[in-house]
Amino acid sequence: MYRLNTKTNELEEINEINYKDVGIKERDHIEEWIRKNPELLDDDLLIIAHEYDKFDTNDRLDLLAIDKEGALVIIELKRDQTGSSVDFQSLKYCSYCSQLTAQDIIEIYRDYLTKFKIDENPIDRIANHLELDINNEDKINEIINNTQKFIIAGKDIDRKILSVCAWLSENGIDCKCFTIKPFKNENEQDIFIDVNQVIPPYKINDYFIGTKERRIKTSTIYQADEVITFFESILI
């Protein structure tokens, strides 16, 4: 990463650092960044729980969110390297959360709003997030938690985790991995945070500019009816 010195028009390299060396902690800092700014990971997230630990086990998930489609999104954060078991941990939380009813989720969100002294109705906020009529509770109940997703983020993602998540993503399991890396200029106090999506990787087709609808979107070849009739008459 580089920083532009506007006075000299020179690029100054900013070095990657360790969170530990500058006193940044997982719960006190990184979790708070994502809790307050979930758009760092996804534009469509509404955080509804922080350090949720009311499962029948002793487990505690970092952050729980709802996306625009009503899916629950489990977010697991690690300050340094993710380790080699956070994929199983995330899948485990997905299985736990799959059993939550719409009413459970509303109560979880109510507790979250109370915890952070946000004086708003959880149903209203969820309905607004899903772009639904706040009076249509049946539709809210129908949409919420039909599926679960997970996001893993940390300074470095273990290669074994990347392999598993790439396979899950290719096989229809909605999961994402992000790196959240700190950088610092030796001569300044400011710390720069760089967030990058690793899994799933951005595909080359995402960068093409489309001008007209393509007739060929798969390997199927389309021919006009008169052409097909002509060749059929030859074969007959």
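Our subject is the structure that appears above.
Keep in mind that what you see is a predicted model, and the values were worked out from it rather than measured. (Residues numbered from 1 in each chain as written. Predicted model: local features only at pLDDT ≥ 70, side-chain atom pairs only at ≥ 80, totals over all residues. Heavy atoms only, no water.)

(A) Geometry of the environment of Glu69. Residue placement: Glu69 occurs in the loop between strand S5 (61-66) and strand S6 (72-81). Among the residues examined, Glu69 registers a relative accessible area of 60% and is labelled exposed. A sequence separation of 78 residues divides Glu69 from Thr147, and the C-alpha atoms of the two residues are 9.3 Å apart. In this structure Glu69 touches Leu130, Ile143 and Lys149, once residues within four positions along its chain are discounted. (Helix = DSSP H or I, 4+ residues; strand = E, 2+ residues; numbered from the N terminus. Buried < 20%, exposed > 50% of the residue type's maximum accessible area, 1.4 Å probe, protein only. Contact = heavy atoms within 4.5 Å.)

(B) Representation of the pattern of salt bridges. Overall, the coordinates contain 23 salt bridges when judged by the stated rule. A salt bridge links Glu31 to Arg60; the nearest nitrogen and oxygen atoms lie 4.0 Å apart. One end of the pair, Glu31, is in helix H1 (residues 26-36); the other, Arg60, is in the loop between strand S4 (46-52) and S5, and 29 residues separate them in sequence. Because the salt bridges share partners, they merge into one network encompassing Arg27, Glu31, Glu51, Arg60 and Asp62. (Salt bridge = Lys/Arg side-chain N within 4 Å of Asp/Glu carboxyl O.)

(C) Highlighting the side chain of Lys184. Tracing the backbone through its elements, the reader meets Lys184 in strand S8 (residues 175-184). Here Lys184 falls in the buried class, since its relative accessible area comes to 19%. With residues up to four places along the chain from it excluded, the contact list for Lys184 reads Ile14, Asn15, Ile17, Val22, Gln189, Asp190 and Ile191.

(D) Expanded view of a nonpolar patch on the surface. A contiguous nonpolar patch, built from Tyr2, Leu4 and Leu11 and spanning about 340 Å² of accessible area, is present on the exposed surface. By the secondary structure assignment, Leu4 is in strand S1 (residues 2-5). (Patch = residues over 30% accessible without salt bridge, like charges linked within 9 Å, V, L, I, M, F, W, Y side chains within 5 Å. Areas by Shrake-Rupley, 256 points an atom, 1.4 Å probe, with all protein chains shown as cover.)

(E) Spotlight on the pairing of S6. Where burial is concerned, most of S6 is hidden: seven out of the 10 residues are buried. Where S5 meets S6, four bridges bridge the pair, whose relative direction is antiparallel. Considered in S6, the bridge of Leu63 is made with Ile75. Between S5 and S6, which pair antiparallel and follow one another directly, the connecting turn spans five residues, one of which, Gly70, has a positive phi of 90 degrees. The sheet contact formed by S6 and strand S7 (residues 148-156) spans eight bridges and is parallel. Across the sheet, the residue bridging to Gln81 is Asp156, located in S7. (Pairing = 2+ DSSP bridges.)

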